[in-house]
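Each chain is listed here by its residues.
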Amino acid sequence: MRPSPPRHRPGGSTASRRAVLVATGGAALLVGTGCDVPGPDRSADSLPDPGRSLLDEVGAGAAAAAARLTATTAAHPGLAPALEGLRTTQAEHLRVLAATLGEDPPAPLATPGPAVPRRSQAALRVLLRAERTRLASVLDGAREVDDGRVARLLACLGAGLAQQLALAEGSP
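All of these numbers come straight from a predicted model, not from anything done at the bench.

A.B. asks: Looking at this model, I keep getting lost on the environment of Val116. Mind explaining?
C.D. replies: Within the secondary structure, Val116 is located in the loop between α3 (80-101) and α4 (120-144). Overall, Val116 belongs to the partly exposed group, its relative accessible area being 25%. Measuring from C-alpha to C-alpha, the distance between Val116 and Ala71 comes to 6.9 Å, with 45 residues separating the pair along the chain. Those residues in contact with Val116 that sit more than four places away from it in its chain are Ala71, Thr72, Ala75, His76 and Ala123.

Printed below as a string of structure tokens:
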């Protein structure tokens, strides 16, 4: 039996099963794992300073990672489809962190991003290495922080990032 050709959506693009799962999985991960934004009874003002400082640091790392991803996909547009799940996850992390801290999500950086290697596979390796380092930092923060709410949030962010790294590392 021959496999059927991919179904085309209007406009000529196709959506693979993986892309659909990744797109819906990021949002479901935050909801399904209990990751939430503090509500009125758990405001950002109630976060102890070490937890708030750690979330500020994680937010800065997420913003730098988003700039790095933007620079990489601008230099190598062919990588963009494989990294779309990572981009979506980064945007969601920035939104959740900003909401937790009682701030607006950061605007995309207007400055040029970091230098990107010329070869796409080298650029992908550099990007994924930086994301693995960021993942380790987020998980270290989850282990070290005393505030349970901050630890849970960081663990959820780490889980989402780990999932996207696994998918991106499995991409050709």
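A.B. asks: What's the story with helix α5 (residues 148-169) in this structure? I'm lost.
C.D. replies: Two residues of an α-helix separated by three or four positions point the same way, owing to the 3.6 residues in each turn. With 22 residues, α5 ought to run about 32 Å at 1.5 Å a step, and its terminal C-alpha atoms sit 31 Å apart, in line with that. Those residues of α5 that fall on the buried side of the exposure criterion are Val150, Ala151, Leu153, Leu154, Cys156, Leu157, Gly158, Gly160, Leu161, Gln164, Leu165 and Ala168. Near the N-terminus of α5, the side chain that reaches the backbone nitrogen of Arg149, with its oxygen 2.8 Å away, is that of Asp147.

A.B. asks: Explain the packing of helix α2 (residues 49-75) against α4 to me, please; I cannot follow it from the model alone.
C.D. replies: Helix packing for two helices is described by the angle between their axes and how far apart those axes are. Running from N to C, α2 and α4 point in directions that differ by 170°, and their axes come no closer than 11 Å. With respect to α4, the element α2 is oriented roughly antiparallel. Contacts between α2 and α4 involve Leu54, Glu57, Val58, Gly61, Ala62, Ala65, Arg68, Leu69 and Thr72 on the former and, on the latter, Ala123, Leu127, Ala130, Glu131, Arg134, Ser137, Val138 and Gly141. Here the contact of α2 with α4 is built from residues that sort into nine nonpolar, four polar and four charged.

A.B. asks: Explanation requested: the packing of α3 against α4 in the structure shown.
C.D. replies: The interhelical angle for the contact between α3 and α4, taken along N-to-C directions, is 35°, at an axis separation of 13 Å. Relative to α4, α3 is oriented so that their crossing is left-handed. Facing Leu83, Leu86, Gln90 and His93 of α3, the residues of α4 in contact are Leu124, Leu127, Glu131 and Arg134. Tallied by class, the residues present in the contact of α3 with α4 amount to four nonpolar, two polar and two charged.

A.B. asks: Explain the side chain of Thr73 to me, please; I cannot follow it from the model alone.
C.D. replies: Assignment of secondary structure puts Thr73 in helix α2. Taking relative accessible area as the criterion, Thr73 reaches 10% and is therefore assigned buried. For Thr73, the side chain forms a polar contact with the main-chain oxygen of Thr70, separated by 3.3 Å. A polar atom in the side chain of Thr73 sits 2.7 Å from the side chain of Arg87.

A.B. asks: Explain the side chain of Arg134 here, please?
C.D. replies: Topologically, Arg134 is positioned in helix α4. When its relative accessible area of 9% is taken as the criterion, Arg134 is described as buried. Apart from residues no more than four positions distant in its own chain, Arg134 is found in contact with Gly61, Ala62, Ala65, Gln90, His93 and Leu161.

A.B. asks: How should the pattern of salt bridges be read in this particular structure?
C.D. replies: Charged atoms that come close allow side chains of opposite charge to pair. Scanning all chains against the criterion turns up seven salt bridges. Residues Glu169 and Arg132 are paired through a salt bridge, measuring 2.4 Å at the closest nitrogen-oxygen approach. Pair noted here: Glu169 is in helix α5 and Arg132 is in helix α4, with a separation of 37 residues, a long-range link. A relative accessible area of 40% places Glu169 in the partly exposed class. Its relative accessible area of 39% is what places Arg132 among the partly exposed residues. A salt bridge links Asp147 to Arg149; its shortest N-O distance comes to 3.0 Å. Judged by relative accessible area, which is 14%, Asp147 ranks as buried.

Conventions we followed
- Residues numbered from 1 in each chain as written.
- Predicted model: local features only at pLDDT ≥ 70, side-chain atom pairs only at ≥ 80, totals over all residues.
- Heavy atoms only, no water.
- Helix = DSSP H or I, 4+ residues; strand = E, 2+ residues; numbered from the N terminus.
- Buried < 20%, exposed > 50% of the residue type's maximum accessible area, 1.4 Å probe, protein only.
- Contact = heavy atoms within 4.5 Å.
- Expected span 1.5 Å × (residues − 1).
- Polar contact = N/O pair within 3.5 Å; in protein donor to acceptor, adjacent residues only side chain to side chain.
- Axes fitted to C-alpha atoms, helices over the stretch in contact; angles between N-to-C directions.
- Parallel < 35°, antiparallel > 145°, perpendicular 65-115°, else oblique.
- Nonpolar A, V, L, I, M, F, W, Y, C, P; charged D, E, K, R; others polar.
- Left-handed = near helix turned anticlockwise from the far one by under 90°.
- Salt bridge = Lys/Arg side-chain N within 4 Å of Asp/Glu carboxyl O.

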